[in-house]
Amino acid sequence: HFEGVNFSVSAVLPAAGCGERMGVPTPKQFCDILTRPLISYTMQAFEKAQWIKDIVVVAARENTDFMKSVVCKYGHQRITLVEGGSTRHRSIFLGLKAFTETQSCLPLLSKPKVVIIHDAVRPFVEEDLLSRVAIAAHKSGAAGAIRPLVSTVIAASPSGFLDHSLERARYRASEMPQAFLFDIIYEAYRCCSDSDFEYGTECLHLAQQYCNSSAKLIEGPPDLWKVTYKRDLYAAESLFKEMLTEQVWIFAGTGHHTSYLGNLLQDAMQATVKTIKVVSTGIHGNLCLKDVLSVPCYNFVCIATNSSSMQE
């Protein structure tokens, strides 16, 4: 269990939108960042949380084959693909139904105690925040990440003049991830009106309106922003590059000595490097350059017992 997560948790990632505000023909969740689709980074962030059992990705019918290729190419695990609906809430409800209704060609997933809902275009989510919203939802029924408002919110009159403004200190921006007791959010969607399905965007509101579940609000980090506009792709790429420079991959052969040295090196670097991963790789203990180049990282240490082990 991860720091208090002693109950079953699964996730639903709505990814059926067309990304009209992005201004590009490719839906934003499939736009490449460092040669990899954006949604792949988001799935990877959830896969790092081993306590999340199932990850349901809801994609539009015309994009399901592409999603299957992404899952296969990047070796994603615990992913179930579900066909989405015409709106955000319809897609999320279809994702939830993967745990309650048998769907064509898909096994019925085990219903979790808590389900996390997160946008596919918010790749910068840490495991710590996922656990905090899940634990809060387990206690309160619903929970969601928030951030302080950057700008003051104003209301305009019908004639286009200032009507009133809100006191910024009292309000927060609702972000993702959000988590719910599964039975609460599923019941809320079952009770939704057509208007909710067509125009609604806020899951926490549905839980409060239809199940009287007041959400616990969790202050989130600045990196929770959503990739919405084309300029956001460049900002996301910059952040990923920065993250990669803070990682070190140690490639060791399969022999005892190289593995032992790799673990010693990992221990020595823990205090100064954010992320360290030791990988035993190669054929018969030989390291291959293609193994190194296949990993999204800038910093490598390759350990070999003799000079002939590194052919390149």
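Quick caveat: nothing in here was measured; it's all calculated off a predicted structure.

Reading guide: rules and limits
- Residues numbered from 1 in each chain as written.
- Predicted model: local features only at pLDDT ≥ 70, side-chain atom pairs only at ≥ 80, totals over all residues.
- Heavy atoms only, no water.
- Helix = DSSP H or I, 4+ residues; strand = E, 2+ residues; numbered from the N terminus.
- Buried < 20%, exposed > 50% of the residue type's maximum accessible area, 1.4 Å probe, protein only.
- Areas by Shrake-Rupley, 256 points an atom, 1.4 Å probe, with all protein chains shown as cover.
- Axes fitted to C-alpha atoms, helices over the stretch in contact; angles between N-to-C directions.
- Parallel < 35°, antiparallel > 145°, perpendicular 65-115°, else oblique.
- Contact = heavy atoms within 4.5 Å.
- Nonpolar A, V, L, I, M, F, W, Y, C, P; charged D, E, K, R; others polar.
- Core = buried A, V, L, I, M, F, W, Y, C linked by side-chain atoms within 4.5 Å.
- Left-handed = near helix turned anticlockwise from the far one by under 90°.
- Expected span 1.5 Å × (residues − 1).
- Arc of directions from axis to C-beta.
- Phe/Tyr/Trp six-rings, centres within 6.5 Å; stacked < 30°, edge-to-face > 60°.
- Pairing = 2+ DSSP bridges.

### A look at the overall build of the chain
Assigned secondary structure in the chain consists of 10 helices and 14 strands. The proportion of buried residues among the 312 residues of the chain is 46%. Summed over its atoms, the accessible surface of the chain is roughly 16,500 Å², and 52% of this surface lies on carbon and sulfur atoms.

### Observations concerning the packing of helix H5 (residues 182–190) against helix H7 (residues 203–211)
Each packed pair of helices is defined by two parameters, the angle between the axes and the distance between the axes. Following both chains from N to C, one finds H5 and H7 inclined at 80°, their axes separated by 8 Å at the closest point. As summarised for this structure, H5 and H7 are arranged roughly perpendicular, according to the angle between their axes. Across the interface between the two elements, Ile 184, Ile 185, Glu 187, Ala 188 and Tyr 189 from H5 touch Cys 203, Leu 206, Ala 207, Tyr 210 and Cys 211 from H7. When the residues that make up the contact of H5 with H7 are grouped by side-chain class, the tally is 9 nonpolar, no polar and 1 charged.

### Concerning the nonpolar core
Ile 52, Ile 116 and Tyr 189 are the most contacted members of the largest nonpolar core, which has 65 residues in total. Considering every element that reaches this core, the biggest residue donor is helix H4 (residues 127–140), with 7 residues. Setting aside anything within four residues of it in sequence, one finds Ile 116 in contact with Val 9, Ser 10, Ala 11, Val 12, Phe 46, Trp 51, Ile 52, Leu 130, Ala 134, Pro 177, Gln 178 and Ala 179. Counting 11 residues, the second largest nonpolar core, distinct from the first, contains Ile 33, Leu 38, Phe 124 and Phe 240.

### Digging into the packing of helix H1 (residues 38–47) against helix H2 (residues 64–73)
The geometry of H1 relative to H2 is characterised by a closest axis approach of 11 Å and an angle of 55° between their N-to-C directions. Judged by the inter-axis angle, H1 sits oblique to H2. The crossing of H1 and H2 is right-handed. Judged by residue contacts, Ile 39, Ser 40 and Met 43 of H1 engage Met 67, Val 70 and Val 71 from H2. Classifying every residue of the contact of H1 with H2 gives 5 nonpolar, 1 polar and no charged.

### A word on helix H8 (residues 230–245)
For H8, with 16 residues, the first-to-last C-alpha span of 24 Å sits near the 22 Å given by 1.5 Å per residue. Regarding H8, the residues found buried are Asp 232, Leu 233, Ala 236, Leu 239, Phe 240 and Leu 244. Seen from one end, H8 has its buried residues packed into an arc of 140°, which puts them on one side. Those residues of H8 that are exposed and angled more than 90 degrees off the buried face are Arg 231 and Tyr 234. Buried residues along H8 sit in contact with strand S2 (32–33), H1 and strand S12 (247–252).

### Overview of the packing of aromatic side chains
In the structure shown here, the tally under the stated rule is 10 aromatic pairs. On the basis of an interplanar angle of 15° and a centroid distance of 5.7 Å, the ring pair of Phe 93 and Tyr 189 is categorised as stacked. Of this pair, Phe 93 sits in helix H3 (residues 88–97) while Tyr 189 sits in helix H5, and the two are 96 residues apart along the sequence. Since its relative accessible area comes to 11%, Phe 93 is described here as buried. Tyr 189 gets classed as buried once you look at its relative accessible area, which sits at 0%. Considering the side-chain rings of Phe 124 and Trp 225, the 5.6 Å spacing of their centres and the 40° angle between planes classify their relative orientation as tilted. Remark: Trp 225 occurs in the loop between strand S11 (216–219) and H8 and Phe 124 occurs in the loop between strand S6 (114–117) and H4; sequence separation between them is 101 residues. Look at Trp 225 and you get partly exposed, because its relative accessible area is 22%.

### As for the pairing of strand S4 (residues 52–59)
Counting buried positions along S4 yields 7 of 8 residues, so the element is predominantly enclosed. Pairing between strand S1 (residues 9–15) and S4: 6 bridges, direction parallel. Paired with Pro 14 across the two strands is Val 58, which belongs to S4. Bridge count for S4 against strand S5 (residues 79–83) is 5 bridges, and the pairing is parallel. Residue Val 57 lies in a different strand from S5, and its bridge partner there is Leu 81.

### Digging into unusual backbone geometry
In this model, Met 176 is joined to Pro 177 through a cis peptide bond whose omega is 10°. Residue placement: Pro 177 occurs in strand S10 (residues 172–181). One non-glycine residue, Thr 35, adopts positive backbone phi at about 70°. Look at Arg 78: it is not a glycine, yet its phi comes out positive at around 65°.

None of this, on its own, says anything about what the molecule does.
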